[in-house]
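# Understanding the architecture of this molecule
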Amino acid sequence: MILAGVLLLLALILPALPLGSWQAFALDTAQFAFLLSGLALSWDLLARTGQLSLAHGAFFGLGAYTAALTAPLIGTLPSLLAGAAVAAVGSFLLGLATLRLHGMYFAIATLAFSEVMRTFVLKAGFTGGSIGMIVAPPFDGRFPLGGYYLAVTVLGLCVLVSYLVSRSRFSYAMAAIRQGEPVARVLGVPVVRVKLLAFLLSSALAGLAGGVYGMKTLFLSPYDAFSLGRAVEALVIPIFGGLYTTTGPLVGGLLLVSLETWLRLRIGEGYLVVYGVLLILAILFLPRGLVGWLSRRRGGGHA
Amino acid sequence: MLRLRGLTKRFGGLVAVNEVSLEVREGEIFAVIGPNGAGKSTLLNLICGLLRPDAGSLEFQGRDLTQAPPEVRAWHGLGRAFQIVQPFPEMSVRENLLVGALFGKPRTPMSKAKKVVEEVLELTGLAPKAETPAHELTLLEDKRLELARALCTQPRLLLLDEVMAGLRPAEAMEAVELIRKIRASGVTVLFIEHLMPVVRALADRVVVMDYGQVIAQGVYDEVAANPRVREAYLGRSA
């Protein structure tokens, strides 16, 4: 948690650092890294109940489109909240339908959900369909760093929620459901309520991150906003960083996005091959992620 | 305290539990025995709510809980330890117990739950192992954990499914003492057991099941002398 505080502080002062001609690039990369880390933290929240979602790309997209469509009418901040709310409603419906599904079956159902959502946005008139839509910058472009600080805020919120949840009684319920759902029920854990609550929290945060993402790219298309690639990143980051922790997805997200960007600059064409190989190596040799590896080196501790 | 009427569960063509009616009285230790496949564990699953009956009703402390999900039954005071131990493997012993103590009764404050856990750790002799991850426990410790976790839900009626299976005689006798202590603290106990000396030592009353049906009930000596029971255990041709 101290580490998270330091990182967030760094994020706050990053725009003031004398980076010269690199500044715009650094801020852009950082903003993307923050949003993706936020998404990863939100994914991890749901994963704590044992539900491996492939719908987080869709929650992200729902948030992005909702915020983009409503921002001209109700303003930036309310539109972001609307995005979070729509993502949460989507997750509630999905959650009700998938409550009894586990493991692979759950993952496939969430995958189907994200395909349905993408097709809907693709076919609906008001979204611009496959052509995509232009998104207004946050606060009508009055603050050049507005989008950046929104991303910092969203990441801070995701870190805070993730941390508070892991400190609460809720986390025992989630871990119990993940490690043995029937036993958890017999012990009195209200499984349905806990799963739905995790779903709502997790998707609202994902939708929030998506809303800020749209205002950063200034353009949304169904292929980008609902890409399966992002759903995969949302789960790769926590697995790489350390599942069921706050530090894991946070550090994992910042590192992986930085790594990916650096490789793209150094290698250019085909950089994803190297990125993929590094990921495979990490997962092979760090089965409990960065956080698990670090805490074992320090001699045990809570992972 | 617990009243079953005509409880029936079918799996396809097999009637695993066939019109079982019985009553467990407050404060007693009640044993369910019978050959393998008699439907004992299925009966326990029906009582704790992991399975829903196809027919019949279940009443607990005057409430009809036939359709209640397992968590609601836990809140009303039904605790259950499994035959195949199922600890939460990534948690320590203490955390395992804390799940039971926190959620066994709705809105239990953390401080109260922690106190319950300490008491149960002492009672079951698990205190020295409190910080051990559950996946590192021996079978004996696993069995204790299973029992301890159920106790942490502060049940009025504790359902025990072969908690002695796999234990050495000395360990089994320790467990018998523990169950006596649990009853003395005011908890009614319903247990399934294969070890007859344990049943004889513990049970106030015994129900014998065979092919899903209750074929005899009464005190141990009465039941043991029953010709139908002997037939069920020794085989029909004997």
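Conventions used here
Residues numbered from 1 in each chain as written. Chains lettered and ligands numbered in written order. Predicted model: local features only at pLDDT ≥ 70, side-chain atom pairs only at ≥ 80, totals over all residues. Heavy atoms only, no water. UniProt positions renumbered as here; feature names shortened; annotations may be inferred. Helix = DSSP H or I, 4+ residues; strand = E, 2+ residues; numbered from the N terminus. Rg over C-alpha atoms; globule rule 2.2 N^0.38 Å. Buried < 20%, exposed > 50% of the residue type's maximum accessible area, 1.4 Å probe, protein only. Areas by Shrake-Rupley, 256 points an atom, 1.4 Å probe, with all protein chains shown as cover. Lys, Arg positive; Asp, Glu negative; His and termini not counted. Charge placed at Lys NZ, Arg CZ, Asp CG, Glu CD. Contact = heavy atoms within 4.5 Å. Salt bridge = Lys/Arg side-chain N within 4 Å of Asp/Glu carboxyl O. Phe/Tyr/Trp six-rings, centres within 6.5 Å; stacked < 30°, edge-to-face > 60°. Lys NZ or Arg CZ within 6 Å of the ring centre and 35° of its normal.

Chain B carries the name Lipopolysaccharide export system ATP-binding protein LptB in an unreviewed UniProt entry, which gives Calidithermus roseus as its organism.

Per an unreviewed UniProt entry, chain A carries the name Urea ABC transporter, permease protein UrtC and comes from Calidithermus roseus. What UniProt records for chain A under Subcellular location (unreviewed entry) is the sentence "Cell membrane".

### Some words on the overall build of chain A
Summing up its helical and strand segments, chain A has 14 helices and two strands in all. A compact globule built from 303 residues would reach a C-alpha radius of gyration of about 19 Å, and chain A, at 19 Å, matches this within 12%. With the principal axes as the frame, chain A shows a C-alpha extent of 55 × 45 × 35 Å. Split into buried and exposed, the 303 residues of chain A put 54% on the buried side. Surface summary for chain A: the accessible area is close to 13,700 Å², and the carbon and sulfur share equals 72%. A gap of 13 Å separates the mean positions of the 19 positive and 9 negative side-chain charges of chain A.

### What about the side chain of B:T42?
Within the element layout of this structure, B:T42 appears in helix α1 (residues 40-48). Among residues more than four places away in sequence, those in contact with B:T42 are B:K9, B:F11, B:A16, B:V17 and B:L51.

### Details of the pattern of salt bridges
Across all of its chains, the model carries 22 salt bridges over all chains by this definition. In this structure, the salt-bridge partner of A:K216 is A:D28, at a minimum N-O distance of 3.3 Å. Within this pair, whereas A:K216 is found in helix α9 (residues 191-217), its partner A:D28 is found in helix α2 (residues 23-47), the two being separated by 188 residues in sequence. In this structure A:D28 comes out as partly exposed when scored by relative accessible area, which is 39%. Residues participating in the shared-partner salt-bridge network are B:R3, B:E23 and B:E59.

### Some thoughts on the UniProt feature "transmembrane region" (unreviewed entry) in chain A
Residue and element names in this part refer to chain A. According to UniProt, the "transmembrane region" (unreviewed entry) feature falls on residues 30-47, 54-74, 80-99, 120-139, 145-165, 196-215, 235-259 and 271-290. Each end of residues 54-74 is marked by a C-alpha atom, and these two atoms are 31 Å apart; helix forms 90% of the span and strand 0%. Helix makes up 85% of residues 271-290 and strand 0%, and the two end C-alpha atoms of the span are 22 Å apart.

### Describing the packing of aromatic side chains
Any pair of aromatic rings gets described here by the distance separating the centres and the angle formed by the planes. All told, the structure shown has eleven aromatic pairs over all chains when counted by the stated rule. Seen in terms of ring centroids, A:F32 and A:Y213 are 6.1 Å apart; in terms of plane orientation they differ by 45°. Their pairing is tilted. Of this pair, A:F32 sits in helix α2 while A:Y213 sits in helix α9; the two residues are 181 residues apart in sequence, bridging distant segments of the chain. Using a relative accessible area of 23% as the deciding quantity, one classes A:F32 as partly exposed. Note on A:F59 and A:F199: the rings are 6.4 Å apart at their centroids and 85° apart in plane angle, and the pair reads as edge-to-face. Of this pair, A:F59 sits in helix α3 (residues 56-74) while A:F199 is found in helix α9, placing the two residues 140 residues apart along the sequence. Among the residues examined, A:F199 registers a relative accessible area of 2% and is labelled buried. If you follow A:R169 out to its NZ or CZ, it ends over the ring of B:F103, 5.5 Å from the centre. Its guanidinium or amino end placed over the ring of B:F88, B:R149 lies 4.7 Å from that ring's centre, counting from NZ or CZ.

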